[in-house]
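# Observations on the three-dimensional arrangement
Residue strings, one per chain:
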Amino acid sequence: MGIRRARVAVAAAVLVAMTLLGTALAPAGASTGLAGGGGGGFRPGAPGVGDAYFPNYGNGGYDVRHYLLKVAYDPPTDRLTGVATISATATQNLSRFNLDFVGLTVRSIKVNGRAASWSRTDHELMVTPRHGLPKGHRFTTVVRYDGVPITQQLVLGPGFTIEAGFIHTDDGAIVAGQPEVAASWFPVNDHPIDKASYTFVVTAPARLQVVANGRLLGRTRHGAKRTWVWNAPEPMASYLATVNIGQFDTHRYRTDDGLWMYDALDPDLFDEAVDPGDPASATFGGIAQGSFARQDEILNFLERRFSRYPFSTGGGIVDDYDNLQFALETQTRPVYSKFFFTTPANGDSVVVHELAHQWFGDSVALAEWKHIWLNEGFAQYAEWMWSEEEGLGTAQEQFDALYNGIPADDPFWQVVIGDPGPELLFDIAVYFRGAMAVHTLRQEVGDRDFFRILHAWTTRRAGGNGTIPQFIRLAEQISGEQLDDLFQAWLFTGSKPALEAAAAARASASPPAPSMELMRR
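Residues numbered from 1 in each chain as written. Predicted model: local features only at pLDDT ≥ 70, side-chain atom pairs only at ≥ 80, totals over all residues. Heavy atoms only, no water.

The subject of this paragraph is the sheet that holds strand β19 (residues 249–254). Neighbouring strands of a sheet are bound in pairs by backbone hydrogen bonds; such pairs are parallel or else antiparallel. Judged by pairing direction, the sheet is mixed, and its 4 strands sit side by side in the order β19-β20-β21-β23 without closing on themselves. Unpaired on one side and paired on the other, β19 and β23 (335–336) mark the two borders of the sheet. In the sheet, strand β20 (residues 260–265) pairs with strand β21 (residues 313–318) via 6 bridges, with the strands oriented parallel. Note on β21: the bridge partner recorded for L265 is V318. Set on the sheet, helix α1 (residues 284–292) makes contact with β19, β20, β21 and β23; between it and β20 the angle comes to about 170 degrees. This element, helix α2 (residues 295–305), spans β19, β20 and β21 of the sheet and lies at about 130 degrees to β20. (Pairing = 2+ DSSP bridges. Helix = DSSP H or I, 4+ residues; strand = E, 2+ residues; numbered from the N terminus. Contact = heavy atoms within 4.5 Å. Axes fitted to C-alpha atoms, helices over the stretch in contact; angles between N-to-C directions.)

Right, let's talk about the sheet that holds strand β6 (residues 105–111) for a bit. Within the open sheet, the 8 strands sit side by side as β7-β6-β10-β4-β3-β14-β17-β16. Their pairing is mixed. Single-partner strands in this sheet number two, and they are β7 (114–115) and β16 (215–222). The pairing of strand β14 (residues 196–205) with strand β17 (residues 225–236) spans 9 bridges and is antiparallel. Across the sheet, V201 pairs through a bridge with V229, a residue of β17.

Turning our eyes to something else, we now look at the side chain of K338. On the secondary structure map, K338 appears in the loop between β23 and α3 (344–356). Of note is the side chain of K338, whose polar atom sits 2.4 Å from the side chain of D322. The contacts of K338, once residues within four sequence positions are left out, are L269, E272, F284, V318, D319, D320 and D322. (Polar contact = N/O pair within 3.5 Å; in protein donor to acceptor, adjacent residues only side chain to side chain.)

Across 6 bridges, the pairing between β6 and strand β10 (residues 138–147) is antiparallel. Bridge pairing in β10 links K110 to V142. In this sheet, β7 lies alongside β6 in antiparallel orientation, the contact comprising 2 bridges. Bridge pairing in β7 places V111 opposite R114. Here β6 folds back onto β7 in antiparallel fashion, the turn holding 2 residues, of which N112 has a positive phi close to 55 degrees.

On to unusual backbone geometry, then. A cis amide bond, omega 0 degrees, links Q178 with the succeeding residue P179. Take P179: it is sitting in the loop between β13 (173–176) and β14. With phi around 55 degrees, N112 is a residue other than glycine that occupies positive phi space. With respect to the element layout, N112 can be found in the loop between β6 and β7.

Core analysis: the largest hydrophobic core is formed by 155 residues, its most contacted members being W185, Y198, F200, L302, F341 and W373. Per-element accounting of this core gives the leading share, 16 residues, to helix α6 (residues 428–460). Contacts of W185, omitting those with residues within four sequence positions, involve L69, L80, F101, L104, Y145, F166, V175, F200, A241 and V243. (Core = buried A, V, L, I, M, F, W, Y, C linked by side-chain atoms within 4.5 Å. Buried < 20%, exposed > 50% of the residue type's maximum accessible area, 1.4 Å probe, protein only.)

Most of helix α5 (residues 395–405) is tucked away: 9 of the 11 residues are buried. Buried within α5 are the following residues: A395, Q396, E397, Q398, F399, D400, A401, L402 and Y403.

Our next topic: the pairing of strand β18 (residues 243–246). Here is the key point about a regular strand: its side chains alternate between the two faces of the sheet. Taking every second residue as pointing to the same face, both faces of β18 are buried, with V243 and I245 on one and N244 and G246 on the other. Examined bridge by bridge, strand β15 (residues 209–212) and β18 share 4 bridges and lie antiparallel to one another. Paired with V211 across the bridge in β18 is N244.

Here you go:
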């Protein structure tokens, strides 16, 4: 799920309402040099990619191919020291280009091995190379930096806050957040439209484990420190990049299909009862371990409905950190709050959701943040299909529970999920009305065309980006049906859609469905 809140003592409607908008930004560091202008056919790259919701996110004028991130983290001081080597191609004649970078102190910048000047605002790092960068030419930028990464603090109610981004834990750090997190710990073109491959070289105290995206290439101990090398070769949106440092029990294994999996569970989870008042209570660790053991089965389930798993590794991460209260589909290795693992069914369901995102949101990423339905609607619907597979309630029953259980004047129906705005980007309606829209499409076109649409979307756009209009055109091409009315009603209308007579009769005749409380995590 783009971001899914864990079930703690908070109203269900708040549990997924997490707009990580990059508030509480630290002041920018001191600038050096001057930001040069154009000349001789060279001009500055744009300071954003044109996202209507987040104008400062991303940058124009270049396309990043690879990030080599060499970072060292010291948990007692929370200090991060980094060297980011960014390999990119100029998409115009560049006199200057921007990177998104928040809070940390820049020590030096080189472009193609030569010192560059720079200046800063709260969000933008503006780099002026010594010479212009011709369109089509590759260039390398090396930024040396250090400091204490900020942690985003979101207040969701009286006395209740959510941490996100670079999260400082009791023994290390977790990196997870959306839509903005990367700029808080490395200089980056921070928008899903510019995907890149990543290599993480992370140094931490030798007693700790480091778990990141992709495949572990090696680890080397040197005194009281250990350096880990992880490689993520498939294109990845920047907010999906993660590095997790702490005490973990790690499990490396292959699935029946030969996929390398890396699971990391905090050992403290196995000593923490879900219900402390019950001597026979299961532990968070035991339930999480059981759900992780089903990942091969879940991936096979999703492959049959979507397409072949799009990456070369998989796995998951659970830290025993109380104020981590969401799950995020960090590519190949989702990060989960322990609070999802209260029962085996809840644990399995959240794993289904985050693994579904590996297709919807990771492999096929958003071209703009307003298309969030393409991420959350389909991941939530994957949960409904899994529930049906497990005999816990059909997709139709879950649709009916929502449709019949939420009155027409409820604010739930007022959210225009096809363009919700930045404040409602992760509103619960985006998830559940989003899944209802997917189910309505399935009912309209039938199972044969529905699953052909999902397969075509996840294969034709694998490794790239997509928009809602592009998905609608594909659905119409494959089904041969005109679907404008359906999508207008379910995605772009701020009111409760009316059901056709047959669907209304089916809904009213439906057997009891799972409770709203169980579905609204």
